[in-house]
Amino acid sequence: MKPETLWLLTGIAGTLGVLVCLWCMMNKKNGLYTRLCALQEGFAMPDLQFRYDAEKLYTTLDAVGEEGKRLMMRFWTLDFALIASMFAMMAVVTNNIATISWLAAVMLWSNILRAVADLLEDALLLIASAGYPDKKRVIPAKMAGVVTAVKWVAAVAWVAGMFLSLFLRGWAM
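This part is about the overall build of the protein chain. Helix and strand counts for the protein chain stand at five helices and zero strands. Secondary structure elements of the protein chain occur, N-terminal to C-terminal, as α-α-α-α-α. Counting the 173 residues in the protein chain, one finds 41% classified as buried. Summarising the internal contacts of the protein chain: among those between residues at least 6 apart in sequence, 75% fall at separations of at least 24. Total accessible area on the protein chain stands at roughly 9600 Å², and carbon and sulfur atoms take up 72% of it.

What follows deals with the layout of surface pockets. Of the volumes computed, that of the largest pocket is approximately 300 Å³. In terms of lining, the largest pocket is formed by 16 residues, of which the most central are Leu-48, Leu-82, Met-86, Asp-118 and Trp-152. Broken down by class, the residue content of the lining of the largest pocket amounts to 10 nonpolar, no polar and six charged.

A few words now on helix α2 (residues 32–39). Within α2 the residues assigned to the buried category are Leu-32, Tyr-33 and Leu-36. On an axial view of α2, the arc spanned by its buried residues comes to 95 degrees, and they lie on one face. Considering only its buried residues, α2 is in contact with α1 (3–26) and α3 (54–97).

Once that is clear, we can look at the packing of aromatic side chains. For the structure shown, the criterion picks out three aromatic pairs. Where Tyr-58 meets Tyr-132, the ring centres are 4.6 Å apart and the plane angle is 20 degrees; that geometry is what we call stacked. Of this pair, Tyr-58 sits in helix α3 while Tyr-132 is found in the loop between α4 (101–129) and α5 (138–172), placing the two residues 74 residues apart along the sequence. The exposure class assigned to Tyr-58 is buried, which follows from its relative accessible area of 1%. Centre to centre, the rings of Phe-167 and Trp-171 are 5.7 Å apart; their planes meet at 35 degrees, and the pair counts as tilted. Here Phe-167 pairs with Trp-171, and both are found in helix α5, just four residues apart, close to one helical turn. Judged by relative accessible area, which is 49%, Phe-167 ranks as partly exposed.

Enumeration according to the criterion identifies six salt bridges in this entry. Between Arg-114 and Asp-118 there is a salt bridge, and its shortest N-O distance comes to 3.6 Å. A residue pair is termed a helical-turn pair when its members lie 3 or 4 positions apart in one helix, as Arg-114 and Asp-118 do in helix α4 at four residues. Three or more residues joined by partner-sharing salt bridges are found here, namely Arg-114, Asp-118, Glu-121 and Lys-151.

With that settled, consider the packing of α1 against α3. Two numbers describe how α1 lies on α3: the axes approach to 8 Å, and their chain directions differ by 145 degrees. The two elements α1 and α3 meet at a crossing, and its hand is left-handed. In contact with Trp-7, Thr-10, Gly-11, Gly-14, Thr-15, Gly-17, Val-18, Cys-21, Leu-22, Cys-24 and Met-25 of α1, α3 contributes Phe-75, Leu-78, Asp-79, Ala-81, Leu-82, Ser-85, Met-86, Ala-88, Met-89, Ala-91, Val-92 and Asn-95.

Interaxial distance between α3 and α5 falls to 12 Å at its minimum, and their mutual angle equals 30 degrees. In terms of orientation, α3 lies roughly parallel with respect to α5. Remark: the crossing between α3 and α5 carries left-handed chirality. From α3, Ala-54, Leu-57, Tyr-58, Met-90, Val-93, Thr-94, Asn-96 and Ile-97 reach across to α5, where they touch Val-138, Ala-141, Lys-142, Trp-158, Met-162, Ser-165, Leu-166 and Arg-169. Class assignment of the residues belonging to the contact of α3 with α5 gives a composition of 11 nonpolar, three polar and two charged.

Calculation criteria
- For every chain, the first residue of its written sequence is number 1, and the numbers climb from 1 along that sequence.
- Only residues with pLDDT of at least 70 are given local features in this predicted model, and only at 80 or more are side-chain atom pairs given and counted; all residues enter the totals for whole chains, interfaces and linings.
- To obtain the side-chain values, all non-hydrogen atoms of the structure were included, while hydrogens and water were left out.
- Helix numbering and strand numbering both begin at the N terminus, where a helix is a DSSP run of H or I of at least 4 residues and a strand a DSSP run of E of at least 2.
- Exposed residues in this analysis have more than 50% of their type's maximum accessible area, buried residues have under 20%, and partly exposed residues fall in between, with area computed by a 1.4 Å probe over protein chains only.
- Residue contacts are defined here by distance: any two heavy atoms, one from each residue, within 4.5 Å place the two residues in contact.
- Shrake-Rupley sampling with a 1.4 Å probe provides the accessible areas, and residues are treated as covered by the protein chains on show and by no other component.
- With a 1 Å grid laid over protein atoms only, a set of points is called a cavity when a 1.4 Å probe fits there but cannot get out and a pocket when it is open yet has protein on both sides within 12 Å along at least five of seven lines; lining residues have an atom within 4 Å of a point.
- Grid points are joined across faces, edges and corners, and a volume is the space filled by probe spheres set on the points.
- Classification used: nonpolar for Ala, Val, Leu, Ile, Met, Phe, Trp, Tyr, Cys and Pro, charged for Asp, Glu, Lys and Arg, polar for all others including Gly.
- Note: the arc covers the axis-to-C-beta directions of the helix.
- For this analysis, a ring pair means two rings from Phe, Tyr or Trp (six-membered ring only for Trp) whose centres lie within 6.5 Å, classed as stacked if their planes differ by under 30 degrees, edge-to-face if by over 60, and tilted for the remaining angles.
- Definition used for salt bridges: Asp or Glu carboxyl oxygen within 4 Å of a side-chain nitrogen of Lys or Arg.
- Between N-to-C directions, angles span 0 to 180 degrees; the directions come from axes that are lines fitted to C-alpha atoms, helices contributing only their stretch in contact.
- Handedness of a helix crossing follows the sense of rotation of the near helix relative to the far helix, less than a right angle counterclockwise being left-handed and clockwise being right-handed.
- Any angle that is under 35 degrees is reported as roughly parallel, and any over 145 degrees as roughly antiparallel; angles of 65 to 115 degrees are reported as roughly perpendicular and all others as oblique.

This is the structure:
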């Protein structure tokens, strides 16, 4: 099979994976996030913010109750599939647009760092939330907040690389 075909199939699989995960998480009728927002006015997932601390995580868990905790843990579990799908999509975009080797390397490593940080973040959030409120695991909760910031910085670096690559490609035309 040609490399171009593999990249195309990877892009299709990644795109379909992202769409299915986002539909399960965000659809207006019965998505996990929609159901969480119904439990608390102004609800915000901690890991969708740039930075948070253990107290913010536990305050959010208290506000949504046991049902909300269960939904948040399902959200983070489903996020593992979203991370893998996004990694595939971002790798395909990097392959297709980054023509300068150093920029391709920056985008590739930003994508890897983002995916690893996101996986670690979800694992830490699941550990920190399991058994709460009986067991308050503060160390994983604090670590998750730091890892979240790393994830967002890596994602922004990748997006900046994408725009720079597109600009350079456009400039060359």
